[in-house]
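Residue-level structural notes
So you can see what is in the structure, the chains are spelled out below.
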Amino acid sequence: MIHILITENFSLASQIILGIFFAILAFIIFYYAFKLIEIGYVLNYKKPLYNHFYLRLRTLNKNQKGILRNQFSFFNKLNDKEKTYFEHRLASFIRDKDFIGRDGLNVTDEMKVLISATAVMLTFGFRDFYISFISKIVIYPTKFYSNTNATYHKGEFNPRLKALVLSWEDFEEGYKDESDNVNLGIHELTHAIHINSLKARDISSTIFSDSFKELSTLLSSKERLRENLVTSKYFRNYAYTNQFEFLAVAIENFIETPKDFKSQFPEVYAIVKQMFNFNVAGY
């Protein structure tokens, strides 16, 4: 009797182990099959196979919701479903980052919401929206002294420290006029997203970095286009410092004056839109 019970228990345990083994094997096969399908999709359409999938949607508190609705105009361009996704991403982003005030600055909900909303706006077309190369967001009341080049800055992204550093005064200034194509938050976060795309392996980062190469090739191969960019004065002169600064300035223009951008430089606009997978109203 004891021998029979041991045999039956051993048989049951073997079945469980085999079941787990085949379940894991099926998952692995499904995972890599999906990856292959998505790679084909990306090669054809240059965008992720899907963008939003969440087991549970996070929400903001009442004060944070009020700030988002009343002070961040991009949010109000979204449809109801997109607003739900945006709120979830914003709540998740705020939870993921450390916000640090400097020079006696008290970090408020307004600061957390508006800085994070800028990040979520820029990555709204990404599947992975966390920008993993940012772990902390350091906020100064005004311009701050930077040891990087021994001068005062309005903002900077330090990849070594995984720190986005901003002057709150200048961040706010960027949103006072939403059509002047000057926005500190958008500019510095674009730098962070760009550097993140060079290191990360997710599908959105791959599309971003490949599109940036496509943009670089376009600009280097078309002399007339480069001349038109400069003479048009549409991009401020700082854009021509280097490729990184050109992109950061271009995204400021893309977000704030998309119609002007598209009408003046449709080829550049199309690549930037592809780079960010930006498919919301007005873009």
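The structure contained in this document is the topic of the report that follows. What you are looking at is a predicted structure, and each value in this text was computed from that prediction instead of being measured.

Scanning the protein chain for helices and strands turns up 11 helices and six strands. Looking at the protein chain as a whole, 45% of its 283 residues qualify as buried. In the protein chain, of all internal contacts separated by at least 6 residues, the share reaching a separation of at least 24 is 71%. Summing over all exposed atoms, the protein chain offers an accessible surface of approximately 15,700 Å²; the carbon and sulfur share of this is 57%.

The next thing to look at is the side chain of S146. Inspection of the secondary structure assignment puts S146 in strand 3 (residues 144–146). Assessed through its relative accessible area of 2%, S146 is described here as buried. With sequence-adjacent residues up to four places away left out, S146 is seen in contact with T151, H153 and E156.

Once that is clear, we can look at the packing of helix 7 (residues 203–221) against helix 9 (residues 243–256). The axes of two packed helices give the description: the angle between them and the distance between them. At a minimum axis separation of 12 Å, helix 7 and helix 9 run at an interaxial angle of 105°. Considering their axes alone, helix 7 and helix 9 lie roughly perpendicular with respect to each other. Contacts between helix 7 and helix 9 involve F208, F212, L215, S216 and L219 from the former and Q243, F246 and L247 from the latter. Here the residues of the contact of helix 7 with helix 9 sort into six nonpolar, two polar and no charged.

Turning our attention to the packing of aromatic side chains. Overall, the coordinates contain 30 aromatic pairs when judged by the stated rule. Relative to F261, the ring of F254 has its centre 6.3 Å away and its plane inclined at 80°; by these criteria the two rings are edge-to-face. The interplanar angle of 40° and the centroid separation of 5.1 Å between the aromatic rings of F254 and Y269 together place this pair among those described as tilted. Placement of F254 in helix 9 and of Y269 in helix 11 (residues 266–276) is noted, with a sequence separation of 15 residues between them. Both residues of the pair, F254 and Y269, belong to the buried class. The ring of F93 carries the charged tip of K97 above its face, separated from the ring centre by 5.0 Å.

With their axes 5 Å apart at the nearest point, helix 7 and helix 8 (residues 223–232) run at an angle of 95° to one another. Taken as axis vectors, helix 7 and helix 8 run roughly perpendicular relative to one another. In contact with L218, L219, S220 and S221 of helix 7, helix 8 contributes E223, L225, R226 and L229.

In this section: helix 11. All buried positions along helix 11 are accounted for by V268, Y269, I271, V272, Q274, M275 and F276. Where helix 11 is buried, its residues touch helix 4 (109–122), helix 6 (184–199), helix 7, helix 8, helix 9 and helix 10 (258–264). N277 occupies a position one or two residues after helix 11 and carries a positive phi of about 50°.

Calculation criteria
Residues numbered from 1 in each chain as written. Predicted model: local features only at pLDDT ≥ 70, side-chain atom pairs only at ≥ 80, totals over all residues. Heavy atoms only, no water. Helix = DSSP H or I, 4+ residues; strand = E, 2+ residues; numbered from the N terminus. Buried < 20%, exposed > 50% of the residue type's maximum accessible area, 1.4 Å probe, protein only. Contact = heavy atoms within 4.5 Å. Areas by Shrake-Rupley, 256 points an atom, 1.4 Å probe, with all protein chains shown as cover. Axes fitted to C-alpha atoms, helices over the stretch in contact; angles between N-to-C directions. Parallel < 35°, antiparallel > 145°, perpendicular 65-115°, else oblique. Nonpolar A, V, L, I, M, F, W, Y, C, P; charged D, E, K, R; others polar. Phe/Tyr/Trp six-rings, centres within 6.5 Å; stacked < 30°, edge-to-face > 60°. Lys NZ or Arg CZ within 6 Å of the ring centre and 35° of its normal.

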